[in-house]
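Observations on chain architecture
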Number of protein chains: 2
Amino acid sequence: MAMQRCCPETTVYDRDLGAEAAVFKALADPARAAIVATLARAEHEVCVCDFTAGLELNQSTISHHLKLLKGAGLVTSERRGTWGYYSLAPSARARLEAALACVIPEKLRA
Amino acid sequence: MAMQRCCPETTVYDRDLGAEAAVFKALADPARAAIVATLARAEHEVCVCDFTAGLELNQSTISHHLKLLKGAGLVTSERRGTWGYYSLAPSARARLEAALACVIPEKLRA
DNA sequence: CGACTGCATCGACAAATGTCAATCCAATCA
DNA sequence: TGATTGGATTGACATTTGTCGATGCAGTCG
């Protein structure tokens, strides 16, 4: 007797999700999530010194995380004089929502 | 002259975001994102063999990713006979939405 | 029973990641 | 000008991660 198929076969989602995965990766660290959460709640841009004061991490480590977030396009930075300021990128939430919608679309069974 | 403060100071978000970061980390890999995207679109559970056939990865690698996703609580698995089946966890989308809402709450300026 | 098959687990390994100390750079202050 | 300061960059290092090959195991077929 031939072995029955395991199940009605499913085609694996084949579009490349590298970009979506990259967006999630940007938030896949507690420190970076905290930075973004801070920016999202702030009424104005946030000085780097606030992060170095508030997070229990070395200054260079924080600088590194900020750089990653900026690379992911989730935050923007501006330099005024000696100080550096970071803000949530206007599109940040939309980008996250889009990535989520791509991986787990809202629609329930059609 | 005393150096003026850099800006109105901001308090860093202090709740631990380790759990939220972990959820994002689960999707922070293209292969895992593709697996979840497949499950989210499937009308029924998906056999492991569909993943090994559709993804260009070693069988053991796929098994590893499935394990991570299960550990993150995003998928559920069932074993029937020789075959293994995976489904999207019912709470998967809600968990992601909650994590997103925690990091970047919906509200705009109050 | 014995051969086979689907999937999980283990061991190994290269690559990526998070962290810190040290250094560098530009702007400010005295 | 020279000293100081905020923050970025570099180098080093331990840990984690993604991947594969080999092996193990339970269920199936003959």
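For the structure, check the block above.
Note that the structure is a prediction, hence the values are computed from the model and not measured.

With an RMSD of 0.0 Å, chain B superimposes on chain A once it is rotated by 180° and translated 0.0 Å along the axis. Seen this way, the second copy is the image of the first under a two-fold rotation axis. The C-alpha atom lying nearest the rotation axis in chain B is that of F24 of chain B; the distance is 2.6 Å. Looking at chain B, 100% of its interface residues are interface residues in chain A too, so the copies touch through the same face.

This paragraph deals with the sheet that holds strand β2 (residues 75-80) of chain B. Residues and elements named next belong to chain B. Across the sheet, three strands lie side by side as β1-β3-β2; this open sheet has antiparallel pairing. Of all the strands in the sheet, the pair left with one neighbour each is β1 (46-47) and β2. Relative to strand β3 (residues 83-88), β2 runs antiparallel, the two sharing six bridges. Bridge pairing in β3 places S77 opposite Y86. Packed onto the sheet, helix α2 (residues 30-41) meets β1, β2 and β3 and runs at close to 80° relative to β3.

We now examine the sheet that holds strand β2 (residues 75-80) of chain A. Residues and elements named next belong to chain A. Taken in spatial order, the three strands make up an open sheet running β1-β3-β2, and their pairing is antiparallel. Each end of this open sheet is capped by a strand with a single partner; those strands are β1 (46-47) and β2. Helix α2 (residues 30-41) contacts β1, β2 and β3 (83-88) of the sheet and is inclined by roughly 80° relative to β3.

Parameters and conventions
Residues numbered from 1 in each chain as written. Chains lettered and ligands numbered in written order. Predicted model: local features only at pLDDT ≥ 70, side-chain atom pairs only at ≥ 80, totals over all residues. Heavy atoms only, no water. Least-squares fit on C-alpha atoms with pLDDT ≥ 70 in both. Contact = heavy atoms within 4.5 Å. Pairing = 2+ DSSP bridges. Helix = DSSP H or I, 4+ residues; strand = E, 2+ residues; numbered from the N terminus. Axes fitted to C-alpha atoms, helices over the stretch in contact; angles between N-to-C directions.

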